[in-house]
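# Close look at the chain arrangement
Here is what each chain is made of, one letter per residue.
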Amino acid sequence: MKVRTVLALSLSIFAATTHAEKIALVNGTLIDPGKSQDQVIGGAAVLVDGDRISGICNPDTPCSVAGHKIIDCKGKFILPGYIDTHVHFFQSGGLFTRPDIVDLTKVRPYGDEIAGIKKNLPDTFARYLRSGITSVVDVGGPFWNFEVRKIANSTAKAPRLAVAGPLISSVSRPQLDLGDPPIVKIDNPEQAREFVRKLAEQKPDLVKIWYIVNDEHPVDSFRPIVRATAEESHARKIRVAVHATELETARAAVEEGADVLVHSVIDKEVDDAFVKLLKDRHTILCPTLVVFERYGRTFANKLNLTPEEKAWGNPEVIATLDVTKIPQEQLPERIRTALANPDAALARIKKTYDVALKNLKTLEDAGVTIAAGTDAGNIGTIHGPALFREFQLMKEAGLTPMQILQCATANAAKLFGGETGAHTGKIDKNDFADLVILNSNPLNDIAHASDIDAVVKNGVLCPADQLAAVSH
Ligand SMILES: [Zn+2]
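Per the secondary structure count, the protein chain includes 18 helices and 18 strands. The globule rule puts the C-alpha radius of gyration for 472 residues at 23 Å, and the 22 Å found for the protein chain is close to it. Considering only C-alpha atoms, the protein chain reaches an extent of 75 × 50 × 40 Å along its principal axes. The burial tally for the protein chain puts 58% of its 472 residues in the buried class. Across the protein chain, every contact between residues at least 6 apart in sequence was considered, and the portion connecting residues at least 24 apart equals 73%. Carbon and sulfur atoms provide 51% of the accessible area of the protein chain, an area that totals close to 18,800 Å².

Here is the structure:
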């Protein structure tokens, strides 16, 4: 009798539930990386009622599971669902998604690319869940991003979504303008304030600034615009996320009010004053390590997609990344150059990582809040499973598995405001029941973070194999 019960329980994890009900995940090891103590509890039970966690028990304080559907998690590991804090749903991850960087519009018109992206959104959402990612922050895109948020937040097989609207930028990108541009050049503080007011009508989760610096656009010329944007946003209780990849740009951004830096500093090692600034201001930094290799590797035909990306990424998107399929005469200069000298492209990536990985370790050791993020949607950075390449790179930087998991759960949840921010990224009573259940221990090896048995989103349990088949 006992044997039969155990068998029935262990099989029950494979049965999909189609709506939230009362479930009890029993006998598993609970890993809650954001906790200051008891981060790991063996023999735990996590109770789910509807879309919320209704109780957490351990062998010392057992709880009643009466009335719950029992899911036996013996030998498994229960974590908060992962959060990717830097993606762009207006970009596919394919080769035709950034005509401002490589113009291949003669091969695939940009209008077709955007139409395909919109049509594919349910598929893209499901690939996040398949990767154990139950919440995502879209840090910038056209105004239709707000529609994407609405769709995601009312779709079962989709991550929770926070969004920024169009980027307030120091430079223009007319190639991306189909009437609702993702990047808007702002020339003075008053324009910035006006644009923030327009954005505020859509209730953005963040306001995003694209602080691009070059000879024509030095750091100081855009500073007043960053300040005005931050003031106007903060007055409306909206936080500001800034793309700033050089040390002096990042420093200026934080001094002028940035709440989040959405990339690593890649031009030089961070100094003590910068570290102190981030700590004093409680700035969150999202490293996006994976994106720094993917443009260069794609163009040089040296793409290193992980097994997870190959398995769970969109195959049609991945197929576009083979630059050798593009007729020679259609190849933009940038790809031609990379193909002619792939070693130079790889050397540039290495140089970037030498700085970025070291900076990540410095900031982590200093106690700066690091939130995991990928910049998925950019060329070669695959929506969903790119996060596991990000984990590998964070490990190379010297972060422990627990630190990496904390970056992808409790820290990442800080990007969300309100009810979602208060109740995701951790496993406490009344939190949203967003969980990932693993077959092997991620604390032994962060590679196990992708050994996913099942995902719980909003209280609904989805076995991983049923999330793999995505209908079009
Ligand atoms: Zn980005």
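Moving on to helix α9 (residues 291–299). In terms of burial, α9 is a largely internal element, eight of the nine residues being buried. Residues of α9 that are buried include every one of V291, F292, E293, R294, Y295, R297, T298 and F299, and no others. Residues of α9 that are buried sit in contact with α10 (307–312), α12 (333–340), α13 (342–366) and α14 (386–396). One or two residues past the end of α9 sits N301, with phi positive at roughly 60°.

Moving on, we come to the layout of surface pockets. Space left empty within the atom packing is revealed by a probe, the size of a water molecule, rolled over the atoms. Each pocket or cavity is described by its volume, and for the largest pocket that value is around 970 Å³. Lining the largest pocket are 33 residues, and of these I101, V291, F292, Y295 and R334 lie nearest its centre. The class makeup of the residues in the lining of the largest pocket is 15 nonpolar, 11 polar and seven charged. Quantified by volume, the second largest pocket comes out at close to 580 Å³. Residue lining of the second largest pocket: 33 residues in total, with N153, R160, L161, T420 and K457 positioned closest to the centre.

Rules used throughout
- Residues numbered from 1 in each chain as written.
- Predicted model: local features only at pLDDT ≥ 70, side-chain atom pairs only at ≥ 80, totals over all residues.
- Heavy atoms only, no water.
- Helix = DSSP H or I, 4+ residues; strand = E, 2+ residues; numbered from the N terminus.
- Rg over C-alpha atoms; globule rule 2.2 N^0.38 Å.
- Buried < 20%, exposed > 50% of the residue type's maximum accessible area, 1.4 Å probe, protein only.
- Contact = heavy atoms within 4.5 Å.
- Areas by Shrake-Rupley, 256 points an atom, 1.4 Å probe, with all protein chains shown as cover.
- 1 Å grid on protein atoms, 1.4 Å probe; cavity = no way out; pocket = protein on both sides within 12 Å on 5 of 7 lines; lining within 4 Å.
- Points joined across faces, edges and corners; volume = space filled by probe spheres on them.
- Nonpolar A, V, L, I, M, F, W, Y, C, P; charged D, E, K, R; others polar.

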